[in-house]
Amino acid sequence: MKTVMEDNELNTKDNYQVIISTASAFLGGASYWGYAVLLNRDGIMGVNTIGNFKTYALLLLLFTFFFLLTAGIYSIIKRKIFRRNDEQIIDKTIGKPRLIILLILGGLFVVCSGIPYFDDISSFPEWMNALIILLITFFVFAYIYCSDTQIWNNRFLLLATILLIVMCSSIWGYASATSNIFVRTGSGDFGSYYNLYHASAYIDTIYNVYYKIPYMEGMQFTDLYGHYGLIFYPFLKIFGGNIHTISIILGILNAGSAAFVFLAACIALKSNFTRAAAIIVTTAFGVSAPFMNIYWQVFPHRIIFPAAFIFLITYYWRYGLKTRGYIIGTICLILNMIWNNETAIICGVAWTVFLVAENIYNNGFSIKNFIKIFAIIVCMWIVVITVPLTVVNIYNHMCNGSIIRITDYLGLVNVDFMKNRSSELDFFNKEYVFKLFAFLLGFAVSFGNMLFQREGKKRTELGFLFSNSVIALGLMTYYINRTKAGNDLTDMYYICCLSGYLDIMYQRKNLWKNPQKKQLYLKDVFIILLGSFSILMLTVSCFYGIEKYPICLSKNGTGAYDYKSFQDYTKAIYSSIDENTWSAGLGSSAVFFEFDKDKQSYEWNYVDEDELKKHDNILLLNVYYDKIPENYTLKCEFPYEELVFGYFEKNE
């Protein structure tokens, strides 16, 4: 079977259809965004009226609508009126003097637009920031002028790339493999209680499945994060039911998330430099978040399956999608729906759009092909929804639980809940505005070329850009709804999109290295400026990550990975309390995992005062002391770092 491994050249056909459609989409989307978030927040479609999530969803819908509408109008005008190629419709070449002027003006715009973002996250002196930008820009452009070697054709380069992926993925894994949740994880975090709170929110669902407590309605049903405890269960039974095993599994998953994205970059990007940039800067910039504190709900919980689908979409866009690919994609969506239905919906949408784009690219626009792919997609979604729901109901039946309906299966993932959790959506929030711009542009460029550019060889970087941008736009709903949290969730995909833009500029180097001998179009200037902007943002992100490196060192010094001391702590507790002790609330699951005993409760952040009275012996974190009835006596306390557990006995 013929592949596109040898695809080294960008299709030089000047497709203004994508450019004009993208500009129209940005104009339409930005007009609504400005109206809803800046000009008329209390209007009928303003953010204060309909909430963050609906505002963001409308932005994406309007962006897509204007993109497709303009593309359709362009096709009609081109076919009915001009009947000529794109180059004949808009044939604007640029000479060297005008190129220099445009690049100077564009470069000033790029630097000025990037300075606020740079200043927002960099603590270096201004002169050092300027020097960093100049040096990196010089070396990057010097590299682009040089020839490049394909990774697949050089054994040494292939080995070096594999080692780089292994090393950087291991760093991602190490950042999340935090065994000791009872201590601070370094400078800049919110303390031991913050870590214990988020760790308890995550591990208690696993604990409940381990002790066969059925899923039920409300917070305890999904715990916001899904039914991932069912996937953990067999591994805990084999390797031991404790926090240490859980943290190691999460570390492996986080490493796998990074490896999936890095492998996709190596498959799609054509420049060795941009591959290295995607891997190194993603590690330097993105890995600081899991090092900051224990937040397993994001790293790796909300990135493992999105990363897997980025790899799948990139891989199958390059090598072609056959029957096996449909099966693998469906199986991954089933597992994702069990794991976490939020990301399953996002990945499912990305995979569905990819199936449509792949079908159109290979077969063109025809009713027969649309009916075929529509039937495939409908069947896929029926299976993806039915199988996980059946699995959960089988588990509930085995645990004497109630039947779960599909409306209950989605749990608390609904618009009303997300609206209640929203903080103020700020129009000038630099953290998401830059990312939103990168992802919208990535979607428009990749999806537009997938639909309208079917001549010549397949552009493999488009699958990478498409998967990163579409999945990231879905994941940004978390940040849009909680603008003071979740901004780190899409860092990995942001860096990958920037690397993709830089790779596109690299592919055009033969056209703009010598403008007097080659035709240089306005689009080429845009590509150069976009590449320059990507260089600036990658530079900022990389050095931001370097500045955060001391956090990694401070975390190691806090005992965050000292699992032995936590074991000794729980042994001391176990030897001092009654065999039938009852426990609930934060930290209780972690302690009782070590006891290999059921704590006889299922709530993770709630202590029922009426339930307390039913038990003679109680172990609780000191934040719940006010719940203890008067006829109980505190027998002893067990301090550990900033946290204290108390053991109570009922008076005779």
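Residues numbered from 1 in each chain as written. Predicted model: local features only at pLDDT ≥ 70, side-chain atom pairs only at ≥ 80, totals over all residues. Heavy atoms only, no water.

Trainee: An account of the overall build of the protein is requested, with residue identities and associated values reported.
Mentor: The secondary structure content of the protein amounts to 27 helices and four strands. Looking at the protein as a whole, 56% of its 652 residues qualify as buried. The contacts of the protein with a sequence gap of at least 6 include a subset with a gap of at least 24, amounting to 75%. Within the structure as shown, the protein displays about 28200 Å² of accessible surface, and the carbon and sulfur contribution to it stands at 64%. (Helix = DSSP H or I, 4+ residues; strand = E, 2+ residues; numbered from the N terminus. Buried < 20%, exposed > 50% of the residue type's maximum accessible area, 1.4 Å probe, protein only. Contact = heavy atoms within 4.5 Å. Areas by Shrake-Rupley, 256 points an atom, 1.4 Å probe, with all protein chains shown as cover.)

Trainee: Tell me about the sheet that holds strand β2 (residues 617–621), and please be specific about residues and values.
Mentor: The strand order across the open sheet built from four strands is β1-β2-β4-β3, with neighbouring strands paired in mixed fashion. The sheet is open, and its two borders are formed by β1 (582–583) and β3 (632–640), each paired with just one other strand. Relative to β2, β1 runs parallel, the two being bridged by two bridges. Opposite S583, over in β2, you have L619 as the bridge partner. (Pairing = 2+ DSSP bridges.)

Trainee: Give a detailed account of the packing of aromatic side chains, specifying residues and quantitative values.
Mentor: Under the criterion given, the structure shown has 47 aromatic pairs. Both rings, one in F63 and one in F443, keep their centres 6.4 Å apart while their planes meet at 50°; by these two values the pair is tilted. Placement of the pair is F63 in helix α2 (residues 47–82) and F443 in helix α19 (residues 430–452), with a sequence separation of 380 residues. Residue classification places F443 among the buried residues on the basis of a relative accessible area of 10%. Ring centres 6.1 Å apart and planes at 45° place the aromatic pair W172 and F299 in the tilted group. A residue pair is termed long-range when its members are at least 10 positions apart, and W172 in helix α6 (residues 155–176) and F299 in the loop between α12 (288–292) and α13 (304–319) qualify at 127 residues. We classify F299 as buried; its relative accessible area is 6%. One aromatic cluster is present, built from ring pairs that chain together F26, F63, F434, F437, F443, F447, F466 and F533. Cation over ring: K237 sits above Y210, and NZ or CZ is 4.5 Å from the ring centre. Positioned above the aromatic ring of Y207 is the side chain of K599, whose terminal nitrogen or guanidinium carbon lies 5.2 Å from the ring centre. (Phe/Tyr/Trp six-rings, centres within 6.5 Å; stacked < 30°, edge-to-face > 60°. Lys NZ or Arg CZ within 6 Å of the ring centre and 35° of its normal.)

Trainee: I'd like a rundown of the environment of E609, residues and numbers included.
Mentor: As for its position among the elements, E609 is in helix α27 (residues 609–612). What makes E609 partly exposed here is its relative accessible area of 39%. Taking the C-alpha atoms as reference points, E609 and K627, separated by 18 residues in sequence, lie 5.9 Å from one another.

Trainee: Describe the side chain of T274, listing the residues and the values that go with them.
Mentor: Tracing the backbone shows T274 in helix α11 (residues 272–286). Take T274: its relative accessible area is 1%, and that puts it in the buried class. Among the polar contacts listed, one links the side chain of T274 to the side chain of D503, at a separation of 2.7 Å. Not counting the four nearest positions on each side in its chain, T274 is found in contact with L269, S499, L502 and D503. (Polar contact = N/O pair within 3.5 Å; in protein donor to acceptor, adjacent residues only side chain to side chain.)

Trainee: So, the nonpolar core: which residues are in play, and what are the values?
Mentor: Nonpolar side chains in soluble globular proteins tend to end up buried together. I181, F182, Y202, F232 and W351 are the most contacted members of the largest nonpolar core, which has 183 residues in total. Once residues lying within four places of it in the same chain are set aside, the contact partners of F182 are S192, L196, F566, G587, A590, V591, Y640, E641, L643 and F645. (Core = buried A, V, L, I, M, F, W, Y, C linked by side-chain atoms within 4.5 Å.)

Trainee: Break down the pairing of β3 for me, with residues and values.
Mentor: The sheet contact formed by β3 and strand β4 (residues 643–650) spans eight bridges and is antiparallel. When the sheet's bridge partners are listed, P639 is paired in β4 with V644.

Trainee: I'd like a description of unusual backbone geometry, backed by residues and values.
Mentor: Backbone geometry follows two general trends: most residues other than glycine have a negative phi, and most peptide bonds adopt the trans configuration. With an omega of 10°, the peptide bond between F299 and P300 qualifies as cis. By the element assignment, P300 lies in the loop between α12 and α13. Even without being a glycine, N400 presents a positive backbone phi close to 60°. Structurally, N400 can be placed in the loop between α16 (367–398) and α17 (406–409). Here N400 falls in the exposed class, since its relative accessible area comes to 74%. Notably, D596 is not glycine yet its phi reads approximately 60°, a positive angle. The topology assignment puts D596 in the loop between α26 (588–595) and α27.

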